[in-house]
Every structure is written in C-alpha cells, then in structure tokens.
Amino acid sequence: MFKTVVTLGAIGMMSTFAVAAETPIVGNVSSKCSIFTDTPGVYGNPTPDELSTLPADGGVYPVVRYDVSIADYYTAKISWPNSFSSSPNLTDSVTWDGEVEVSNTSDAGMSGYEAAKVEYENHTEYELSVAGSTWFKVTSEATYGVDKSLPGGEYKANVVAECIAD
C-alpha cells in the first residue's frame, strides 16, 4: 500500500511541472478529377431570333473534357446555359434549351455513360465509373421573345462543369 501512495504522489508532483506541445499534421490532397475546355463554343445565328451551337446553324459545340485518375469516386455535373453572362440590352424574355452528350472516351468501359446519365432542369450528371478521359459536347439554343429579332452585338453564355466527389 505504501508503494502505491508514493507512486501516485510522485505522479501528482510531476504533473504540475509538465509541458504540453502541439505537433501539427499537414496533408495535401490533389484532385483526381480535372476539367478542361477542349473546344470553346460559338453561337450561330440561323434566324433573327435564335442563337445555337448546332453546326447546322453555323455554331460550334463547346466540348468539355474530364480526366479521372481513380474510378468510382466522382460525378460529372454539366449545366448548359440558361442565361447570358453578357449581351446587349434585352427587353423581352429568352427561352433556353440544351443537351449534354458524351462525344468521345478514352476507354471502351465508358460506353454506358450516355445511357446512364441523369438529366434535370439544365443539368446533366454522369457517374465517372472508369478511370480515363471523357469528352462531353454541349448543345445550347436561345430563342428571343415571340418573333422578335435579337439586338445586334456580342452574346456570351457559360457551360458550367463540376466534378463532385462522391
């Protein structure tokens, strides 16, 4: 019993002189999903009230590339435009339509991406279940008012591409 009391007493005396220190732990995470603009889009003007990225309308599809180094950890969310980021002053409403489609892949295992996509509002999501590169083309169409001509000037809109960690 005496040894226990002495030991506890010694521990109690040592704790009053103890020094604490914090040792940091640092880590950096590199994204395993990267997004690149492969081809900037261009609006064609097939009718006075319409802008379109369809090649038949004089446009160019914007193409977005996703590079994924680890499969099954990311979802691609691509949103076609539903507003202009800049344009001449518009006095009437604009009706938007669009589509996102897989245009090319680096692996045959990605062939099911298009059939498995989820679409809502102006968004399209793809589960990136295979490592590699996938190219997505985006169709964007804007129709102005009812039989009204678009004012002359430059029109810009943005495709939003996100890589969401699952």
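This text goes with the structure placed above it.
Figured I'd write up the structure that's included with this text. All values derive from a computational prediction rather than experimental measurement.

Criteria and cut-off values
Residues numbered from 1 in each chain as written. Predicted model: local features only at pLDDT ≥ 70, side-chain atom pairs only at ≥ 80, totals over all residues. Heavy atoms only, no water. Helix = DSSP H or I, 4+ residues; strand = E, 2+ residues; numbered from the N terminus. Buried < 20%, exposed > 50% of the residue type's maximum accessible area, 1.4 Å probe, protein only. Contact = heavy atoms within 4.5 Å. Pairing = 2+ DSSP bridges. Axes fitted to C-alpha atoms, helices over the stretch in contact; angles between N-to-C directions. Disulfide = S-S within 2.5 Å.

With that settled, consider the overall build of the protein chain. The secondary structure content of the protein chain amounts to two helices and 10 strands. Its helices and strands taken in sequence order, the protein chain reads α-β-β-β-β-β-β-α-β-β-β-β from the N to the C terminus. Residues counted as buried form 30% of the 166 residues belonging to the protein chain. For the protein chain, contacts bridging at least 24 residues in sequence account for 74% of all contacts bridging at least 6.

Located in the positive-phi region is Asp 72, a residue other than glycine, with phi close to 65°. Residue Asp 72 is classed as exposed on the basis of its relative accessible area, which comes to 54%. Backbone geometry places Glu 121, a non-glycine residue, at a positive phi of 45°. With respect to the helices and strands, Glu 121 occurs in the loop between strand E7 (118–120) and strand E8 (123–128). With a relative accessible area of 70%, Glu 121 lands in the exposed category.

This brings us to the sheet that holds E7. Taken in spatial order, the four strands make up an open sheet running E7-E8-E5-E10, and their pairing is antiparallel. The outermost strands of the open sheet, each flanked by one partner alone, are E7 and strand E10 (160–165). On average, adjacent strands in this sheet sit at an angle of 20° to one another, irrespective of strand direction.

On to the state of the cysteines, then. For the structure on display, the rule yields one disulfide. A sulfur-sulfur distance of 1.8 Å marks the disulfide that ties Cys 33 to Cys 163. Across the S-S bond linking Cys 33 and Cys 163, the dihedral sits near 110°, which makes this disulfide right-handed. Residue Cys 33 is located in strand E1 (residues 33–39), and its partner Cys 163 is located in strand E10; the two are separated by 130 residues in the primary sequence. Residue class for Cys 33 comes out buried when judged on its relative accessible area of 7%.

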